[in-house]
Number of protein chains: 2
Amino acid sequence: MDSVVRGLEAQGMQVDWAKNGQEGFERAVAEHYDLVISDVMMPRMTGVEMVTRLRKQQYAGPILLLTGMGEVDQKIAGLEAGADDYLTKPFDMGELVARVHALVRRSQGVHSRHAVLRIGDLEVDPQARTVRRNEQPIQLTQKEFELLLYLVRHVGRVISKKEIAEQVWDIHFDSSTNVIEVYMSYLRNKVDKPFSHPLIHTSFGVGYVLRPPDEAV
Amino acid sequence: MDSVVRGLEAQGMQVDWAKNGQEGFERAVAEHYDLVISDVMMPRMTGVEMVTRLRKQQYAGPILLLTGMGEVDQKIAGLEAGADDYLTKPFDMGELVARVHALVRRSQGVHSRHAVLRIGDLEVDPQARTVRRNEQPIQLTQKEFELLLYLVRHVGRVISKKEIAEQVWDIHFDSSTNVIEVYMSYLRNKVDKPFSHPLIHTSFGVGYVLRPPDEAV
DNA sequence: CTCAATTCTAAGGAAATTCTAAGGAATGGG
DNA sequence: CCCATTCCTTAGAATTTCCTTAGAATTGAG
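Residues numbered from 1 in each chain as written. Chains lettered and ligands numbered in written order. Predicted model: local features only at pLDDT ≥ 70, side-chain atom pairs only at ≥ 80, totals over all residues. Heavy atoms only, no water.

Chemist: Where do I start with the overall build of chain A in this structure?
Modeler: Each helix and strand in chain A was counted, giving eight helices and 10 strands. Within chain A, the proportion of its 217 residues that are buried is 41%. Considering only contacts within chain A whose residues lie at least 6 apart along the sequence, 50% involve residues at least 24 apart. As displayed, chain A offers around 11500 Å² of accessible surface, 51% of which is attributable to carbon and sulfur atoms. (Helix = DSSP H or I, 4+ residues; strand = E, 2+ residues; numbered from the N terminus. Buried < 20%, exposed > 50% of the residue type's maximum accessible area, 1.4 Å probe, protein only. Contact = heavy atoms within 4.5 Å. Areas by Shrake-Rupley, 256 points an atom, 1.4 Å probe, with all protein chains shown as cover.)

Encoded structure:
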């Protein structure tokens, strides 16, 4: 499972992981994901049950099931419950990536193949892990890039420090550290300071938000 | 119970709490809530009786029951009386949040994912904690935002200062402070002053009210 | 119209939060 | 092993928010 996560992340995807069916279900309902990948055999809730419940809850996004060699009826039951596709273990990473791309693309009705994210004059390429602003390349460290990517993927929404801690640092928020502030400062030095309009804004007492330049404050 | 309140508040929800069944019933009838959560075992009125009476009073919103491990018949009775869902204690917070979201979403017939509240040309997004009027973003502090949100969630109704003190400041009204007047002034400076029609109105001797621009006074 | 009660708002200080410079620990390539 | 880079901690500076105070303005009753 861990290799799946790492494999997809290597493709520039943002992956969130739940350790059992119950938890996965809750997260899928509570947050927004482009795609859900689920094993059919999971503690606390099977993949089939998860699909059933997700569809019942009006979750409309694509769901990909991973099944073991022998679990044929689980596979069928899963598809009938509303899964979009399945993959039989063992599979290779390329196969998985291809299916993920296909499903996401289909559900979004566009080719998100080479999706360069653009916010004003800022360009972020999750695949290549490169950043440019005003045609000028910006060199970021790993963590800086992940932080920026998270902000970019939620433009216009104020992101709490708690959320950043969990999603980018994988830590349950701990007020004794101020890594986030420090990294935000690094990011601003590279992404905002050399340019005329700042994109990163502080929402005092709450968190941070990336805002396109045309929206006046 | 207290942890339930705090957990939901941590999700950005606005939570009101009653210490017994009788009081809960009265509040649910008197005010508007998106969702009622009720324990089945409560002093002065059981959860099942509460559901029965609420439905009799035409209360149409969702009701979520919390039942103890052994209270199976209470559970069934509750659902038959018109509850929408139940959760058996002990449960984890994520599960509760997921159900709350699901119930509220279902009852509102939309994905409340991007539930933007609109009053005339004013837009308030509780998730993103952003405010815009006439397409123009408005920067508010935490307290200012909470105050505005409370007004927005009770459009057209005159809100007493006592109620604001309790709901927004969590203080039992204390006439020695005029924080509310001060913050109302801040809010007007940002939300009303730069625009042609004021939305915030003073009801002398009573409190304040947010009114859409077309409704004459 | 007058007056008391209520509300509005400008100013400022305390408290909380955020920013940033500096340096130590961890990591990885040569 | 050494050096360079990245990551994170620390701590004080800077900023922002929150609330109080006090006087001005407004309101409604008589």
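Past the structure itself, the notes keep going.
Chemist: What exactly am I supposed to notice about the protein's contact with DNA strand D here?
Modeler: Thr141, Asn178 and Tyr186 of chain A together with Thr141 and Tyr186 of chain B are the nearest of the 22 residues found near DNA strand D. Near the protein, within 4 Å, the atoms of DNA strand D are sugar or phosphate in 67% of cases. Asn178 of chain A places a polar side-chain atom, nitrogen or oxygen, 2.9 Å from a base nitrogen of DNA strand D. Those elements that provide at least two residues to the surface near DNA strand D are α6 (142-152) and α8 (179-192) of chain A together with α6 (142-152) and α8 (179-192) of chain B. (Near = heavy atom within 4 Å. Polar contact = N/O pair within 3.5 Å; in protein donor to acceptor, adjacent residues only side chain to side chain.)

Chemist: Can you walk me through the pattern of salt bridges in this structure?
Modeler: For side chains of opposite charge, pairing can occur when their charged atoms come near one another. Tallied over the entire structure, the rule returns 27 salt bridges over all chains. Between Glu123 of chain B and Arg132 of chain B there is a salt bridge, and its shortest N-O distance comes to 3.7 Å. Salt bridges here are not isolated pairs; linked through shared partners, they connect Asp16, Lys19, Glu23 and Arg27 of chain A. (Salt bridge = Lys/Arg side-chain N within 4 Å of Asp/Glu carboxyl O.)

Chemist: In this structure, what is going on with the packing of α6 of chain A against helix α7 (residues 161-169) of chain A? I would like to understand it.
Modeler: Helix-helix packing: each pair is described by the crossing angle between the helix axes and the interaxial distance. Residue and element names in this part refer to chain A. Following both chains from N to C, one finds α6 and α7 inclined at 125°, their axes separated by 10 Å at the closest point. One element, α6, and the other, α7, form an angle in the oblique class. Judged by the sense of rotation from one axis to the other, the crossing of α6 with α7 is right-handed. Packed against α6, whose contacting residues are Lys143, Glu146, Leu147 and Tyr150, the element α7 presents Glu163, Ile164, Gln167, Val168 and Trp169 at the interface. Split by residue class, the contact of α6 with α7 holds five nonpolar, one polar and three charged. (Axes fitted to C-alpha atoms, helices over the stretch in contact; angles between N-to-C directions. Parallel < 35°, antiparallel > 145°, perpendicular 65-115°, else oblique. Left-handed = near helix turned anticlockwise from the far one by under 90°. Nonpolar A, V, L, I, M, F, W, Y, C, P; charged D, E, K, R; others polar.)

Chemist: Help me understand the confidence of the model for chain A, please; the structure alone is not making it clear to me.
Modeler: Should pLDDT be low for a region, the predicted coordinates there are not to be read in detail. Mean pLDDT over chain A: 80, with 84% of residues reaching 70 or higher. Note on residues 109-114 of chain A: pLDDT is under 50 here. Beyond four places in sequence and across chains, it has eight contacts. (pLDDT = per-residue confidence, 0-100.)

Chemist: Sorry, what's going on with the side chain of Glu23 of chain B here?
Modeler: Residues and elements named next belong to chain B. Position of Glu23 among the secondary structure elements: in helix α2 (residues 21-30). A relative accessible area of 17% means that Glu23 is categorised as buried. When near neighbours in sequence (up to four residues on either side) are disregarded, Glu23 contacts Trp17 and Ala18.

Chemist: Explanation requested: the protein's contact with DNA strand C in the structure shown.
Modeler: Around DNA strand C there are 23 residues in total, and Arg188 and Tyr208 of chain A together with Arg188, Thr202 and Tyr208 of chain B lie nearest to it. Per the 4 Å cut-off to the protein, sugar and phosphate atoms form 76% of the nearby atoms of DNA strand C. Between Tyr208 of chain B and DNA strand C, the recorded distance is 2.5 Å, taken from a side-chain N or O atom to a phosphate oxygen. Residues that form the surface near DNA strand C fall into these classes: nine nonpolar, eight polar and six charged.

Chemist: Got a minute to help me understand the sheet that holds strand β2 (residues 63-67) of chain B in this structure?
Modeler: Strand pairing in a sheet takes place through backbone hydrogen bonds and is either antiparallel or parallel in direction. Residues and elements named next belong to chain B. Spatial ordering of the open sheet is given by β1-β2-β3, a layout of three strands whose pairing is parallel. Edge positions in the open sheet fall to β1 (36-39) and β3 (85-88), since each of these has one partner strand only. Sheet twist, expressed as the mean angle between neighbouring strand axes with direction ignored, is 25°. Pairing between β2 and β3: four bridges, direction parallel. Considered in β3, the bridge of Thr67 is made with Thr88. (Pairing = 2+ DSSP bridges.)

Chemist: Can you help me understand the sheet that holds strand β9 (residues 200-203) of chain B in this one?
Modeler: Strand order across the open sheet formed by three strands is β8-β10-β9 (chain B), with antiparallel pairing between neighbours. Of all the strands in the sheet, the pair left with one neighbour each is β8 (159-160) and β9 of chain B.

Chemist: Help me out: how do you make sense of the layout of surface pockets in this one?
Modeler: Summary: where empty space remains is shown by rolling a probe the size of a single water molecule over the atoms. Of the voids in this model, the second largest pocket is the one considered here, and its volume is about 510 Å³. Lining the second largest pocket are 29 residues, with Gly156 and Arg211 of chain A together with Arg129, Thr130 and Val131 of chain B positioned closest to its centre. Residue classes in the lining of the second largest pocket are distributed as 14 nonpolar, eight polar and seven charged. (1 Å grid on protein atoms, 1.4 Å probe; cavity = no way out; pocket = protein on both sides within 12 Å on 5 of 7 lines; lining within 4 Å. Points joined across faces, edges and corners; volume = space filled by probe spheres on them.)

Chemist: Looking at this structure, I do not really get helix α2 (residues 21-30) of chain A. What am I missing?
Modeler: Here α2 of chain A lies mainly inside the structure; eight of its 10 residues are buried. When we look at burial in α2 of chain A, the residues that qualify are Gly21, Gln22, Glu23, Gly24, Phe25, Glu26, Ala28 and Val29 of chain A.

Chemist: Even after reading the chapter, I still don't get the packing of aromatic side chains, so can you show me in this structure?
Modeler: For any pair of aromatic rings, the description rests on two quantities: the centre-to-centre distance and the angle between the ring planes. All chains considered together, the criterion is met by four aromatic pairs over all chains. Ring centres of Trp169 of chain A and Tyr183 of chain A lie 5.5 Å apart, and the angle between their planes is 70°; on these two criteria the pair is classed as edge-to-face. In this pair, Trp169 of chain A sits in helix α7 while Tyr183 of chain A sits in helix α8, placing the two residues 14 residues apart along the sequence. Residue Trp169 of chain A is classed as buried on the basis of its relative accessible area, which comes to 15%. Taken together, the ring pairs in this structure connect Trp169, Tyr183 and Tyr186 of chain A into an aromatic cluster. The lysine or arginine in question, Arg53 of chain B, covers the ring of Phe25 of chain B, its NZ or CZ lying 4.4 Å from the ring centre. (Phe/Tyr/Trp six-rings, centres within 6.5 Å; stacked < 30°, edge-to-face > 60°. Lys NZ or Arg CZ within 6 Å of the ring centre and 35° of its normal.)

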